[in-house]
Amino acid sequence: MELTDTDLTLRLKQHDEAAFETLFRRYYRYLYSIAIQYVKDPDLAEDALQEVYLKLWTHREQLNESQSVRNYLATAMRHQMINTLRDEKRAILRHLSLQASRPDVDTSTEETLVLSEYGSVVLDGLRQLSAQRRLVFLLRSEKGLTNEEVASQLQISINTVKVQYYHACRFLRDYLRQHAGIEAMIIWLAVFFN
């Protein structure tokens, strides 16, 4: 007879490694699918999985067996992915650019279509910005330049950079809320605005 999540949680709280292994196998694919939706990079997704399962083991004594361990893991994975997006945004952008530029990528996969749809929503939003505002936003968010560096490069004041960047961010957040799903909004907000 297969053990329920409640049984496994109770055993895990008592340091049962077999219960941990069972939970690992039971939810590995589910959690991986959550991770890959956010980062599109298998290595980053695997790293996030390891972190989530490490936290599960480390905090096993605080688990509440009356609550769904599946929901606990899914929530932990989403938090981990938001942190990963914030911390690894340049690596993720490089990976996405590489994927987009590869001619051998199967563009019929759902993942590529979803990414392309979200990317096109962001591009549409960027096109709505004035030329200077768009340039300020791209130099700050994609190139990682400071306000001072952008001001110097564009020969405008630092205050103008701050104002233009603020308005660009505000506009794009609103645009994503209106035109993209919640997952896309979270991903792009985490990548561009942190």
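Before reading on, note that the structure itself is shown above.
Residues numbered from 1 in each chain as written. Predicted model: local features only at pLDDT ≥ 70, side-chain atom pairs only at ≥ 80, totals over all residues. Heavy atoms only, no water.

A.B. asks: Explanation requested: the overall build of the chain in the structure shown.
C.D. replies: Counting its secondary structure elements, the chain contains 10 helices and zero strands. Counting every position in the chain, which comprises 194 residues, the buried fraction comes to 37%. Pairs at least 24 apart in sequence give 63% of the contacts found in the chain among residues at least 6 apart. With an accessible surface of roughly 11,500 Å², the chain has 49% of that area assigned to carbon and sulfur atoms. (Helix = DSSP H or I, 4+ residues; strand = E, 2+ residues; numbered from the N terminus. Buried < 20%, exposed > 50% of the residue type's maximum accessible area, 1.4 Å probe, protein only. Contact = heavy atoms within 4.5 Å. Areas by Shrake-Rupley, 256 points an atom, 1.4 Å probe, with all protein chains shown as cover.)

A.B. asks: Sorry if this is basic, but what is going on with the packing of aromatic side chains here?
C.D. replies: Any aromatic ring pair is given by two values, namely how distant the centres are and how the planes are angled relative to each other. Across all of its chains, the model carries six aromatic pairs by this definition. On the numbers, 5.4 Å between centres and 45° between planes, the contact of Phe24 with Tyr28 is tilted. In this pair, Phe24 and Tyr28 are both assigned in helix H2 (residues 17–39), four residues apart and thus about one turn of the helix distant. Taken together, a centroid distance of 6.3 Å and an interplanar angle of 15° make the contact between Tyr28 and Tyr32 stacked. Here Tyr28 pairs with Tyr32, and both are found in helix H2, just four residues apart, close to one helical turn. Owing to a relative accessible area of 23%, Tyr32 belongs among the partly exposed residues under this scheme. Stacked on the ring of Tyr30, the Lys or Arg Arg70 has its end atom at 3.8 Å from the ring centre. A cation sits over an aromatic face here: Arg140 above Tyr165, 4.0 Å from the ring centre. (Phe/Tyr/Trp six-rings, centres within 6.5 Å; stacked < 30°, edge-to-face > 60°. Lys NZ or Arg CZ within 6 Å of the ring centre and 35° of its normal.)

A.B. asks: Please explain the nonpolar core as it appears in this structure.
C.D. replies: Side chains of a nonpolar character, in soluble globular proteins, are inclined to be buried together. Among the nonpolar cores identified, the biggest contains 26 residues, and Leu31, Tyr53, Leu56, Leu73 and Met77 are the most heavily contacted of them. Residues contacting Leu56, with those up to four places away along its chain left out, are Leu12, Phe20, Leu63, Val69, Tyr72 and Leu73. Of all hydrophobic cores here, the second largest spans 15 residues; its members include Val122, Ala151, Ala168 and Leu172. (Core = buried A, V, L, I, M, F, W, Y, C linked by side-chain atoms within 4.5 Å.)

A.B. asks: Even after reading the chapter, I still don't get helix H3 (residues 42–58), so can you show me in this structure?
C.D. replies: Three or four residues apart is the spacing at which side chains of an α-helix point the same way, because the helix has 3.6 residues per turn. Here H3 contains 17 residues, and its C-alpha end-to-end distance of 24 Å stays within 8% of the 24 Å for a straight helix at 1.5 Å per residue. By the burial criterion, the buried members of H3 are Leu44, Ala45, Ala48, Leu49, Val52, Tyr53 and Leu56. An end-on view of H3 places all buried positions within 170° of arc, on one side of the element. Exposed residues pointing more than 90 degrees away from the buried face of H3 are listed as Asp43 and Gln50. (Expected span 1.5 Å × (residues − 1). Arc of directions from axis to C-beta.)

Purely spatial values, then, with no claim about function.
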